[in-house]
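The residues making up each chain are set out below.
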Amino acid sequence: ELGRPGAAARVGMLFQQGALFSAFSVLDNIAFPLRELRTLPDELVRRAALLKLQMVGLKPGDAHKMPAELSGGMIKRVALARAIALDPELVMYDEPFAGLDPISLGTAARLIRQLNDALGITSLVVSHDVDETFRIADRVLILANGRVAAEGTPDEVRGSADPLVRQFIRAEPDGPVHFHYPGPSAEQDYGVQA
């Protein structure tokens, strides 16, 4: 147990693009919160960081790589290892599936769910990827127009009668959310006559 003094230790954050420190190795990126928010011996920090690296499916040999040497999926995994470094109660994910190929995306989604269950943490996932989010979520909230448009289990939200919610989860081009906004025609905009 690494302890939990203060709010920063209770919340982990995975940023959309990973937000790794480019001048730090993988190991140092993961160890960063441990060094900043704890007073621990260097060997304990190293071991904890290596454990978190393995928890996200990376090998100890990856510990000395630099962020520029990593694929997009590996960057997300290292960022996730850093987010769980302090054994938080809550991990917030900002678009964790953005920019990932289909295999990495599925792997990332499964990893989020597995870590959530294994560590007993609560995860808050902000995502536009409806399918993957619905696969891993216990509860879903859809926000639209400054309000909660739908809330419930994935199945409950899928069954929503709200046209806006249906349009969003089915990725339909026509519905309450318009793709084209009213405005002048191209002729009017460019000052030409049709």
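Everything below is about the structure printed above this text.
A brief report on the enclosed structure follows. (Residues numbered from 1 in each chain as written. Predicted model: local features only at pLDDT ≥ 70, side-chain atom pairs only at ≥ 80, totals over all residues. Heavy atoms only, no water.)

1. Structural notes on the nonpolar core
Part 1 of the reasoning: Residues Ile30, Leu53, Val56, Val78, Leu80 and Phe97 are the most contacted members of the largest nonpolar core, which totals 37 residues.
Part 2 of the reasoning: Elements that contribute at least two residues to this core include exactly α2 (26–37), α3 (42–55), α4 (72–83), β2 (90–94) and α5 (102–119).
Part 3 of the reasoning: Ignoring anything within four residues of it in the chain, the contact list for Val78 reads Leu20, Val26, Asn29, Ile30, Leu58 and Leu70.
Part 4 of the reasoning: In terms of nonpolar packing, the next biggest core, distinct from the first, is built from 11 residues, Phe134, Ala144, Val157 and Leu164 among them. (Core = buried A, V, L, I, M, F, W, Y, C linked by side-chain atoms within 4.5 Å. Buried < 20%, exposed > 50% of the residue type's maximum accessible area, 1.4 Å probe, protein only. Helix = DSSP H or I, 4+ residues; strand = E, 2+ residues; numbered from the N terminus. Contact = heavy atoms within 4.5 Å.)

2. Thoughts on α4
Part 1 of the reasoning: In this model α4 runs 16 Å from its N-terminal to its C-terminal C-alpha over 12 residues, within 8% of the 16 Å that 1.5 Å per residue would give.
Part 2 of the reasoning: Of all 12 residues in α4, 9 are buried, a share of seventy percent or more.
Part 3 of the reasoning: For α4, every residue scored as buried is listed here: Gly73, Met74, Lys76, Val78, Ala79, Leu80, Ala81, Arg82 and Ala83. (Expected span 1.5 Å × (residues − 1).)

3. Describing the pairing of strand β4 (residues 140–144)
Consecutive residues of a regular strand have side chains that alternate between opposite faces of the sheet.
Part 1 of the reasoning: Residue alternation in β4 divides its side chains into a buried set, Val140, Ile142 and Ala144, and an unburied set, Leu141 and Leu143.
Part 2 of the reasoning: In the sheet, β4 pairs with strand β5 (residues 147–152) via 5 bridges, with the strands oriented antiparallel. Each bridged residue has a counterpart across the sheet, and for Ile142 the counterpart in β5 is Ala150.
Part 3 of the reasoning: Hairpin connection of β4 to β5: 2 residues between the antiparallel strands, including Asn145 at a positive phi of 55 degrees. (Pairing = 2+ DSSP bridges.)

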